[in-house]
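One letter stands for each residue in the lines below.
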Amino acid sequence: MKDTTLYRLADHTAVEALVNRWVAWPHTFSPAPHCLHMANYQVKTLESYLQNPEIHVKSSHNPKLLGGPFVDVAAERAHEVKALLHDLQHNHAGALEFAKTLIEFQNTLVNEATGQGINAFYSKIPECLGGYVELLYDYFERPHVRCLESVLYASSYYRKDLQSLTLFSQTHDDARAYYMSTPRLPQADSVEWQLPFEDSRVDGLFELDAHAEPLGAIRELLGLPPSEDYRLLPLLTEAPGTAREPWCGNTLRIRYFGHACVLVECNGVSILTDPFIPVIPSEGGIERYSFQDLPAQIDFVLISHAHHDHFVFESLLRLRHRIGCVVVPKSSGMFYGDVSLKLMAQKIGFRNIYEIDSLDSISIPGGEIVGAPFFGEHSDLPHAKSAYIVRFGSEQILFAADSNCLDYRVYQHLCKALGPVGTVFLGMEFMGAPLSWVYGPLLPQQPQHKHNMSRRSNGSDAKAASTLLSTVGAERVYVYAIGREPWLKYFMALTPEDGDPYIKESDKVLDTARNSGFRDAQRPYGKLEFHLSV
């Protein structure tokens, strides 16, 4: 008798997006940063691990060393790490040569191009860079090697064949090793699916979040034989899924999904900011919203910047079939680290992408989405970023992400153009990582220690946050995007503790707001829902 049982993805099933067995994030995806990150971080980290695997594993589990370049792979699997390193060094020699040559040529240009005509240097461009770079000066006669990112995506330096998805049961929120330093080796109970992220079959997989299919159809989609059912069945459930209807009430409904992810719904329109959607671990965890709590159609997704916790491949790919339009900040294209999020979204299969600059607007029924200035957070590097104002009727909400209020006058100008902003979501990671933590592998020269420590990815502290709130005329504030939810630990390397400086600093803002008569002032954690009249 034919089995008619229908299955969907279980709520505890995570699907990690990988590039050559490393977690996909902007620096492992865009071609030039990927080559540089491979050469200057991945190779060096694996070499260090192989010298002493036990020290790496021990350091990986030391709370004080979270986020360090330590590989959390048991020593008995060191031979697999050795094989991965061999693959990097021998099967990716072209990418490693590109990285080495790009840095060397940039430094040569800085030393030799001192203001004279730059045309003569084109004949000195090394072969592996030829046709992929433009040579330019800034206004102070400082030379730059500008990578042509779109051309590099069409080159051998962009390898779609390295992309894959790994399906596994997430037992608890703390189950994953740190994203940057630990490659994902095959596991006995996981399902490996090698295919480009842009492949339409990815949508077929993630439609299983809500729509069940027969086991045979799921096997066929993943290319699995029946003998692999022992891996596949634990990832599935017979429990029916939900296709939640869009909110059509007479209020504006706001749901906080954790970190910088907020769902705004009104007039049948849904807007999701910086999607980072958690699964529900099989062994439980704090209360949360997950994929089952999202509408079947998400009209707009707003991406604030290219940091790994805001442009999240895992969530974007899982939601791709639901998303109408992705809105991203505009890249200058001047620096290879200033990746184009428009190109990146295209390369992972999105077709409707809107690139936004400050005060650019998108009309929506009963309101609009407006780009807003975003200062700070990027260690003083000119990388693409945008805050957003979402307006429905007379209600305006600022999603400021990790903005640092370095000059309050920009918000004066913003309010002069748009009016006061009653509700503000603001990140307060005011003691961000030093320059070299994320950007070190990309830099042609490593910064002096004092510069490295002073140039941090800083958001607003209490003084800056309070200034921002008073300047825009806010009457509600929600401090978010400080990486406190437990499912963020493997991405953010943060663990809440008594006396946490982020909590103390944000408490100052919340206390000031409450004492000033704000209608609401919270630091949401896990999940939150509230409504606004429009």
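All of these numbers come straight from a predicted model, not from anything done at the bench.

Undergrad: Can you break down the side chain of S315 residue by residue, with the values?
TA: Structurally, the position occupied by S315 is in helix α9 (residues 313-319). Judged by relative accessible area, S315 falls into the buried class, the value being 1%.

Undergrad: I'd like a rundown of the pattern of salt bridges, residues and numbers included.
TA: Per the counting criterion, the structure on display carries 33 salt bridges. Among the ionic pairs, E192 bridges to R21, the shortest N-O distance being 3.0 Å. Linking E192 in strand β7 (residues 191-194) with R21 in the loop between β2 (13-19) and β3 (22-23), this pair joins segments that are 171 residues apart in sequence. Among the salt bridges present, the one from R476 reaches E395, with a minimum N-O distance of 3.7 Å. Placement of the pair is R476 in strand β21 (residues 476-480) and E395 in strand β19 (residues 395-399), with a sequence separation of 81 residues. Across the pair, E395 and R476 agree in class, each one buried. Salt bridges sharing common partners tie together E16, R176, R184 and E314.

Undergrad: Residue-level account of empty space enclosed by the protein, with values.
TA: For the coordinates displayed, the defined rule picks out 5 cavities of 30 Å³ or more. Taken as a whole, the largest cavity encloses approximately 110 Å³ of empty space. As for the largest cavity, its lining consists of Q170, D173, R176, F276, I277, P278, V279, V312, E314, S315, W487 and Y490. A per-class count over the lining of the largest cavity returns 7 nonpolar, 2 polar and 3 charged. Looking at the second largest cavity, the residues that line it are P26, H27, A306, H307, G337, D338, V339, H378, H383, A384 and Y439. Within the lining of the second largest cavity, the residues separate by chemical class into 5 nonpolar, 5 polar and 1 charged.

Definitions and cut-offs
Residues numbered from 1 in each chain as written. Predicted model: local features only at pLDDT ≥ 70, side-chain atom pairs only at ≥ 80, totals over all residues. Heavy atoms only, no water. Helix = DSSP H or I, 4+ residues; strand = E, 2+ residues; numbered from the N terminus. Buried < 20%, exposed > 50% of the residue type's maximum accessible area, 1.4 Å probe, protein only. Salt bridge = Lys/Arg side-chain N within 4 Å of Asp/Glu carboxyl O. 1 Å grid on protein atoms, 1.4 Å probe; cavity = no way out; pocket = protein on both sides within 12 Å on 5 of 7 lines; lining within 4 Å. Points joined across faces, edges and corners; volume = space filled by probe spheres on them. Nonpolar A, V, L, I, M, F, W, Y, C, P; charged D, E, K, R; others polar.

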